[in-house]
Structures are given as structure tokens and as C-alpha cells.
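Below, each chain spelled out in residue letters.
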Amino acid sequence: MSTSGQPQFRYTQTPSKVIHLRNLPWECGEEELIELCQPFGKVVNTKCNVGANKNQAFVEFTELSHAISMVSYYASSSEPAQIRGKTVYIQYSNRHEIVHNKSPGDVPGNVLLVTMEGVEAGDVSIDVIHLVFSAFGFVHKIATFEKAAGFQALIQFSDVETASAARTQLDGRSIPSYLLPEHVKSCNLRITYSAHTDLNIKFQSHRSRDYTNPYLPVNPTAIEGIMQPALGPDGKRNEPESNVLLASIENMQYAVTVDALHTVFSAFGPVQKIAIFEKNGGTQALIQYPDITTAAVAKEALEGHCIYDGGYCKLHLSYSRHTDLNIKAYSDKSRDYTIPNPSLIATQPSSGHPAAPPVWQNPAMSAATSAQAPMPGGQVPSWDQTMNARPGFVSASGSFPGQNFAPPSYPQYSAAAMPVGSSPMPHTGQISPNAASMRMPHVSPGGASLPGQPPYYGH
């Protein structure tokens, strides 16, 4: 019995040449364990800092008799085993040898996991990676991605021997500076083995490459390079442009629906798809245009502007890495305007946000639509050609100089029924391209509005 009243041994256990030590002092090292055990025989293996509190260890002797000798001595001794003055409890282990399990990164394989330190995604192209590693053998596939550890790549070789040779030669070394952009000082490689054996590459692009399949589809970004970062005049990286905008919406006091976003963003060109989602406690949306030019115009015009007066629903825009949104459902959170299916139009559920304040409506449009005869349910009134002679609404001068838009060539859609105030500009049916100037939202940071009516946009 120990001085603390806790037994040091389990007498019913089967003897083993591996002994288990408990209640060790903090960060007990291998030297301290060997010093305690060596008087009883030769120690061939140890395993320290085991358990949740890192206060256990295993010691393996060459012979079973050595372990029995140590356990028997302390079982009959009045002085317990101690390390740094702390009582250590000893017992036989259930294991008969100590096995150090290797981590997945230490088990040799034909796929390497490469972490590139000191760079960001796009600083090192996939062609440079291929050039560096193909010096050791045929590279089958490469896939690059970003993780918390940084910019990484999976590189698949034909066999384990080739991968091992590449790891031995390149781990800890740097990519030659002449292969890197001027703003990158160095790129150190940290290489381990991956648990993968065969990478699944779906298409050729600037992010992934399969050198064994020449018939694999090519992603347009692999040719056009639209996602590759460029440097501006100030030496800083320019934001890679895309035809898809990512909108972050601040100060959400009113509902922002798909129809509201479509009204706002379609003023600059045809909107193909919209998806609204919640992320990090805020509301965000993806808006897809047919080309980058249209997206760039919309981004420049709308950045920092508010959908509603009073600074409500402020837009912050950036380019998305997406190029084609996958819209699977027609709902209040997503819409695909490239599918002209009127049967999809349905009433949207109301949002949990309060109704938006009333917005300005075009008097000419309101008068024209009110003068038309009522139409049967589900039908859209035909366009009155005489409307061309009627006065239309023109954006305030100086709002956005040079912002003249050609009549859209895409089909128009009748609006879905919406709760009052959920969309900043209600639809009145099918709109002719000639009415583009009348449905253009008033985009002016501090433009005047009618008494009692907020401007459509404001800071």
C-alpha cells in the first residue's frame, strides 16, 4: 500500500514485459523513465505522455523476468517508486509490446500532400507545381485547394517509390524564385503523405489537372484565366473578376426578396440567376449575369448603396468564385430566370422582416396600367404602343454619368404575387424594352425624392 492509501499494483494481472506507470509528474520524459526502470533490466522501448492528462507511460523490457523483478520489488518495498518526489503507481500492461502508430502523413503512399508556406492561392500556378514535381517522375494528377493550413496541393505519382523520392528531395525546400511572381519572396514546401491513392479530377482547370485523361472536359477558367489574380499599379492584387456577384446585405430592417434583388440588379443587364442564403449571422446573395462586363458595371454602380431610404439594406459587393449557379428550386430564396416556365410562378411566403416603406412609382406607368381594361386571371396585358409618346421617368442627372443601357434582349417575366412592401418596386405585368427608362431605379446617393417618399437607393 502506498502512503496515499491507493494500491500500487494489480496482483491479478498476467505478467508482461511491458509495464504501465501512472501518476507521473508533468511532462515526464523518457530519460526519467529509463532511470527508474534500468536497475531491473534493459529497456528497449518507451511511450510517454499517455492519457488525457499526459501523466501515464509504458516501458518495455527485453525480458519478461525483468518486468516481474521490478513489479515484485516495489510490491514488497516500503518505499514506493517515485519520480521527482511524486509516487508512481506500477502495474503490468495488457499489451505485450509497445507499438508506435504512425500518423497518416507518415505512411508512405503515391499521393503527396504539399503545403506551400508564404503564398496565397494563385501565387503559385498549377503549371509551376507540375514543373517542380515532374522532375522526379510522371505526375498523374494535381488538385489545389485552400485550408486553414494555407494553400495546399495533392500530387499523385505512379507509385510510392516516386512519391517518396520527391518528398525526400523537396520537403523543407523552396520553389526557385524565378518561377514565382515578383511580389512573392519565397515559397517553402512542407510535404507529407496523403491517405488518397487515386484523385478524382472532374475537369481540367487552373485548380485541378489530370495528365492521364486528354478527353476530360475543360473548365473555361483554365483557358481564359479569369480567376487568376493580377497586380494593380500599386502592386496589390486585384480582385479576380467574375460574372457572379456576391452581395452582403447590412442593416436588414426590411425584407430583401429575390424579386427585390432582381429589380435592383436587372437595371444594369439581364440577371440569369439569384440565390439568397444566410452565412455568419448575415444575409448574402449570389447574382449571376451572362458576362463579366455587366457584372463589373453593376458592382461599381451599386457598391455601398442602400436598397431602402434611411441606410437600410446596404449593399457590399464582391466577385464570387462561382461562374454558373446551380439553382435547383424556384422559391423565395432562389430563382433561375433562364428557364421561361410560367407554371413555376407562385406566391412567395412572407418574410419575417417588417414590411418595407412605400416606394416611388412612375405616375405615367401607373396611369397607363390603371387605364387598361382588367384582364382574366393569369394573363398579362399587351403593351400599348402609344406609350412611346407618353412621358417616361428618367434617372436624375448626374446619378451615374454615362450609364446608358441598351434595351434588354432577354424575355420578360410576369411578377409573382408578393406581400405589400416586400419588394421595393412592384411589377405591373410584362414590360416592353421601350419602357426600360421608366423602370430604371433611381440610383443616387443623395437624390431628391417626392415628399414623404424615400428614394429607391440612398447612402
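This section reports on the structure supplied with the text. Not measured: the values here are computed from a predicted model.

**Details of the environment of Val160**
With respect to the secondary-structure elements, Val160 resides in helix H4 (residues 160-170). Put simply, Val160 and Pro108 are 52 residues apart on the chain and 6.5 Å apart in space, counted from C-alpha to C-alpha. Once you skip the residues sitting within four places of it in the chain, Val160 turns out to touch Pro108, Gly109 and Asn110.

**Things to note about the packing of aromatic side chains**
Under the defined criterion, the tally for this structure stands at 5 aromatic pairs. A ring pair is formed by Phe40 and Tyr73, whose centres lie 5.5 Å apart and whose planes are at 50 degrees; its orientation type is tilted. Residue Phe40 is found in the loop between helix H1 (30-37) and strand E2 (43-50), and its partner Tyr73 is found in helix H2 (residues 64-76); the two are separated by 33 residues along the sequence. Between Tyr73 and Tyr74, the aromatic rings sit 5.0 Å apart at their centres with planes inclined by 80 degrees, giving edge-to-face as the arrangement. Cluster of aromatic residues (ring-pair linked, three or more members): Phe40, Tyr73 and Tyr74. When the ring centre of Phe58 is taken as origin, the NZ or CZ atom of Arg95, which lies over that ring, is 4.2 Å away. Of note, Arg335 hangs over the ring of Tyr330, and the distance from its end group to the ring centre comes to 4.1 Å.

**Topic: the nonpolar core**
The biggest cluster of nonpolar side chains holds 29 residues, and the ones touching the most others in it are Leu261, Phe265, Ile274, Ile287, Tyr289 and Cys313. Of all elements in the fold, only strand E14 (244-250), helix H6 (258-265), strand E15 (273-279), strand E16 (282-288), helix H7 (292-302), strand E17 (306-308) and strand E18 (312-319) reach the threshold of two or more residues within this core. Contacts of Leu261, omitting those with residues within four sequence positions, involve Val256, Ile274, Ile276, Ala285 and Ile307. Judged by nonpolar contacts, the second largest core, of 27 residues, contains Ile126, Val132, Leu180 and Ile191.

**Some words on the sheet that holds E2**
Spatially, the 4 strands line up as an open sheet ordered E2-E3-E1-E6, and their pairing is antiparallel. With one partner strand each, in any of the chains shown, E2 and strand E6 (89-92) form the two edges of the open sheet. Along the sheet, successive strands turn relative to each other by an average axial angle of 20 degrees, direction set aside. The pairing of E2 with strand E3 (residues 56-61) spans 5 bridges and is antiparallel. Paired with Val50 across the strands is Gln56, a residue of E3. The sheet strands contacting H1 are strand E1 (18-22), E2 and E3, and the helix crosses E2 at an angle near 130 degrees. Packing against the sheet, H2 makes contact with E1, E3 and E6, and its axis sits at approximately 140 degrees to E6.

Cut-off values and rules
Residues numbered from 1 in each chain as written. Predicted model: local features only at pLDDT ≥ 70, side-chain atom pairs only at ≥ 80, totals over all residues. Heavy atoms only, no water. Helix = DSSP H or I, 4+ residues; strand = E, 2+ residues; numbered from the N terminus. Contact = heavy atoms within 4.5 Å. Phe/Tyr/Trp six-rings, centres within 6.5 Å; stacked < 30°, edge-to-face > 60°. Lys NZ or Arg CZ within 6 Å of the ring centre and 35° of its normal. Core = buried A, V, L, I, M, F, W, Y, C linked by side-chain atoms within 4.5 Å. Buried < 20%, exposed > 50% of the residue type's maximum accessible area, 1.4 Å probe, protein only. Pairing = 2+ DSSP bridges. Axes fitted to C-alpha atoms, helices over the stretch in contact; angles between N-to-C directions.

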